[in-house]
Amino acid sequence: MKKILSDKYRHFVLYFEIFMLLLLIPLIYNFIPVNEGTKTFYIPSSNIDQVVKTLKSNGYEVTWMDKLMLRLRKTPSEGWYSVEPSEHGRFLFFQHLYKQKTNELMDIVVYAGETKNELTARLANDMKLDQEKLLNIYKMLAHFEEADILAQRYTIARKADENATMQYIFLDSKRKLVKFTKEYFNEIPDVMELKIIHIIASIIQKESNSIHEMPLISSVIYNRLEKNMRLQMDSTLNYGPYAHTIVTPERIKNEESAYNTYKHKGLPPHPLSTVTLEALKAAVKPAESDYIFFMLNETGTHNFTATYDEHLENIRAFRKYQKEIEKQST
């Protein structure tokens, strides 16, 4: 009888110790400090592995227990999050992360024709960030010299730092570019093919913002390349520090860089600046035409022609219009 009671007591003590241990594990776990990472970041997906990857890339250590806590209530959905790790124990930080979405958002616009230097300078000014950091992150993420991110509107958390801001802009652009390539290419294009498309799109973008004209300008580029003609387009000289400068006859005559398509055949070596999806679409699907010239007219649009004689007539007409405007202003 004593032996039975003794065995029962030992079992009771064992079960009690196991119970206390199970009770202490979450308590001890909760007191393990959450390391300080980026306090504002974007979670691109509600997939638990993607959430964990995002947390780790923003400086947070995530254990198997943390991953369990993330699943316990509700996995965080896609969006911007702003957190204060020091205000919560580890248990609440991971269990309630889904509640930490921020409503403090702002819209920023990447304009068509901007260079990476112009873009990062404006972002730094508008968001009170460091331009050099933004530019370094841009260069780290970019495939090309310019045009890796799309000209469009982006919604960003007001407290996002340089890394979170640039990572999100590249992520959103990449998503749209992936969708674009699936729609317009039979096979996934390689980097060089994409670079050529971006170069052509950037020329189109510099020449016109008209969605109607973009496929026509694209056809002129392809037609001239096919005929082994020089492009002879002012826009190719609007690169880098010359992005918004007027191209003069002196510069056309004296510049020897590969961007001067009056002197060199083929495309310039790199994309010129940011582009819209419309310009990319025009670069992939030019209009069917025999045009090899286009000239600005008095309405602000362009006249497209297949012969040099027609092109000369358009040049004369526009110069006459310019002289009339000059007379009216004097």
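The rules behind each value
- Residues numbered from 1 in each chain as written.
- Predicted model: local features only at pLDDT ≥ 70, side-chain atom pairs only at ≥ 80, totals over all residues.
- Heavy atoms only, no water.
- Helix = DSSP H or I, 4+ residues; strand = E, 2+ residues; numbered from the N terminus.
- Contact = heavy atoms within 4.5 Å.
- Areas by Shrake-Rupley, 256 points an atom, 1.4 Å probe, with all protein chains shown as cover.
- Phe/Tyr/Trp six-rings, centres within 6.5 Å; stacked < 30°, edge-to-face > 60°.
- Lys NZ or Arg CZ within 6 Å of the ring centre and 35° of its normal.
- Salt bridge = Lys/Arg side-chain N within 4 Å of Asp/Glu carboxyl O.
- Axes fitted to C-alpha atoms, helices over the stretch in contact; angles between N-to-C directions.
- Left-handed = near helix turned anticlockwise from the far one by under 90°.
- Nonpolar A, V, L, I, M, F, W, Y, C, P; charged D, E, K, R; others polar.
- Expected span 1.5 Å × (residues − 1).
- Buried < 20%, exposed > 50% of the residue type's maximum accessible area, 1.4 Å probe, protein only.
- Polar contact = N/O pair within 3.5 Å; in protein donor to acceptor, adjacent residues only side chain to side chain.
- Arc of directions from axis to C-beta.
- Parallel < 35°, antiparallel > 145°, perpendicular 65-115°, else oblique.
- Core = buried A, V, L, I, M, F, W, Y, C linked by side-chain atoms within 4.5 Å.

Asker: Describe the overall build of the chain, with residues and values.
Answerer: For the chain, the helix and strand inventory stands at twelve helices and six strands. Expressed as a percentage of contacts within the chain between residues at least 6 apart in sequence, the contacts between residues at least 24 apart total 63%. With the model as given, the accessible surface of the chain reaches about 19300 Å², and the carbon-plus-sulfur share is 55%.

Asker: Please provide a residue-by-residue account of the packing of aromatic side chains, values included.
Answerer: One pass over the full model with this rule turns up 14 aromatic pairs. Look at Tyr 138 and Phe 170: their rings are 5.2 Å apart centre to centre, the planes differ by 70°, and that puts the pair in the edge-to-face class. One end of the pair, Tyr 138, is in helix α6 (residues 131–141); the other, Phe 170, is in helix α7 (residues 162–184), and 32 residues separate them in sequence. Note that Arg 251 overlies the ring of Tyr 242, its terminal NZ or CZ placed 3.9 Å from the centroid.

Asker: Can you explain the pattern of salt bridges? Please cite residues and give values.
Answerer: In this structure the tally under the stated criterion is ten salt bridges. One salt bridge in this structure joins Glu 145 and Lys 116, with 3.2 Å as the shortest N-O distance. Taken together, the residues Glu 145 in the loop between α6 and β4 (153–157) and Lys 116 in helix α5 (residues 116–127) connect sequence positions 29 residues apart. Note that Glu 146 and Lys 116 form a salt bridge whose closest N and O atoms lie 3.4 Å from each other. Residue Glu 146 is located in the loop between α6 and β4, and its partner Lys 116 is located in helix α5; the two are separated by 30 residues in the primary sequence.

Asker: Report on the packing of helix α8 (residues 191–207) against helix α11 (residues 277–284), specifying residues and quantitative values.
Answerer: Interhelical geometry of α8 versus α11 gives an angle of 115° and a closest axis separation of 8 Å. Crossing geometry of α8 relative to α11 is assigned as right-handed. Across the interface between the two elements, Ile 197, His 198, Ile 200, Ala 201, Ile 204 and Gln 205 from α8 touch Ala 279, Leu 280, Ala 282, Ala 283 and Val 284 from α11. For the contact of α8 with α11, the class distribution of residues is nine nonpolar, two polar and no charged.

Asker: Can you lay out α7 for me, pointing to particular residues and giving the numbers?
Answerer: Between the first and last C-alpha of α7 there are 33 Å, a value that for 23 residues agrees with the 33 Å anticipated at 1.5 Å per step. Residues of α7 that are buried: Glu 162, Ala 164, Thr 165, Met 166, Tyr 168, Ile 169, Phe 170, Asp 172, Ser 173, Leu 177, Phe 180 and Thr 181. The opening residue of α7, the one whose side-chain oxygen lies 3.2 Å from the backbone nitrogen of Asn 163, is Asp 161.

Asker: Residue-level account of unusual backbone geometry, with values.
Answerer: In this structure, Asn 228 takes a positive phi of about 60° despite not being glycine. Mapping Asn 228 onto the fold places it in the loop between α9 (214–226) and α10 (249–254). Although it is not a glycine, Gln 232 adopts a positive phi angle of roughly 50°. Mapped onto the elements, Gln 232 comes out in the loop between α9 and α10. Judged by relative accessible area, Gln 232 falls into the partly exposed class, the value being 34%.

Asker: Quick one: what's the story with helix α3 (residues 64–72), residue by residue and with numbers?
Answerer: Where α3 is concerned, the buried positions are Met 65, Asp 66, Met 69 and Leu 70. Projected down its long axis, α3 carries its buried residues within an arc of 145°, all on one side.

Asker: Would you mind going over the side chain of Asn 260 in detail, with residue names and values included?
Answerer: Here Asn 260 shows up in the loop between α10 and α11. Under the relative-accessibility criterion, Asn 260 is labelled buried at 0%. One polar contact links the side chain of Asn 260 to the main-chain carbonyl oxygen of Ile 252, over a distance of 2.8 Å. Once residues lying within four places of it in the same chain are set aside, the contact partners of Asn 260 are Leu 237, Arg 251, Ile 252 and Glu 255.

Asker: Which residues make up the packing of α9 against α11, and what values do they have?
Answerer: Where α9 meets α11, the closest approach of the two axes is 8 Å, and the angle between their N-to-C directions is 40°. Judged on the interaxial angle alone, α11 and α9 are oblique. In this structure, α9 meets α11 at a crossing whose hand is right-handed. Contacts from Met 214, Pro 215, Ser 218 and Tyr 222 of α9 reach α11 at Glu 278, Ala 279, Ala 282 and Ala 283.

Asker: An account of the nonpolar core is needed here, citing residue identities and associated values.
Answerer: Among the nonpolar cores identified, the biggest contains 54 residues, and Ile 108, Tyr 154 and Ile 156 are the most heavily contacted of them. Within the residue set of this core, elements represented by two or more residues are β3 (105–109), α5, α6, β4, α7, α8, α9 and α11. A total of seven residues in this core trace back to one element, the largest contributor, which is α7.

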